[in-house]
Amino acid sequence: MLMVEYIVNQLINLYILVLFVTIIMSLLISFNVINRHNQVVGMIYSTGVALTEPLLRPIRNVLPSMGGLDISPIILLIGIRAVQIGLGAYVFGPLTRAGL
């Protein structure tokens, strides 16, 4: 069972990494540090947006408009981390203690 817990935690950590890369790339594109028309940059950014937007969009729909400030990634990170802690404590913890 420890292997399943490890894989789930690593997948969650990978998603968090993709979220951070997408956020940083979004900032760099908006400040014209990197060019989105570059084929590699465009591919990485569009993949990151495709992976993160399905979870960010519902959060943005619930949050009130704050001008140019988007705190939905912070809320998503808190939620993902809460799910990760909950899985460790309430799903994998009892199974590990039971010796499964």
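Residues numbered from 1 in each chain as written. Predicted model: local features only at pLDDT ≥ 70, side-chain atom pairs only at ≥ 80, totals over all residues. Heavy atoms only, no water.

1. Section: helix H2 (residues 39-62)
Part 1 of the reasoning: A rise of 1.5 Å per residue sets the reference length of H2, with its 24 residues, at 34 Å; its end C-alpha atoms lie 34 Å apart and thus fit the reference within 8%.
Part 2 of the reasoning: Along H2, the largest kink reaches about 50° and is centred on glutamate 53; proline proline 54 follows within four residues of it.
Part 3 of the reasoning: Here H2 has its buried residues at Val41, Gly42, Tyr45, Gly48, Thr52, Glu53, Leu56 and Ile59.
Part 4 of the reasoning: Among the structural elements, helix H1 (2-30) and helix H3 (72-98) are those in contact with the buried residues of H2.
Part 5 of the reasoning: Two to three positions downstream of the cap, the backbone nitrogen of valine 40 sits 3.1 Å from a side-chain oxygen, assigning the N-cap of H2 to asparagine 38. (Helix = DSSP H or I, 4+ residues; strand = E, 2+ residues; numbered from the N terminus. Expected span 1.5 Å × (residues − 1). Bend = angle between axes of the 7 residues up to and from the residue. Buried < 20%, exposed > 50% of the residue type's maximum accessible area, 1.4 Å probe, protein only. Contact = heavy atoms within 4.5 Å. Polar contact = N/O pair within 3.5 Å; in protein donor to acceptor, adjacent residues only side chain to side chain.)

2. Some points on a nonpolar patch on the surface
Part 1 of the reasoning: A surface patch of nonpolar side chains, amounting to about 990 Å² of accessible area, comprises Met3, Tyr6, Ile7, Leu11, Leu14, Leu17, Val21, Val40, Met43 and Ile44.
Part 2 of the reasoning: Broken down by element, the residue count for the nonpolar patch peaks at seven residues, all from H1.
Part 3 of the reasoning: Assignment of secondary structure puts leucine 17 in helix H1. (Patch = residues over 30% accessible without salt bridge, like charges linked within 9 Å, V, L, I, M, F, W, Y side chains within 5 Å. Areas by Shrake-Rupley, 256 points an atom, 1.4 Å probe, with all protein chains shown as cover. Salt bridge = Lys/Arg side-chain N within 4 Å of Asp/Glu carboxyl O.)

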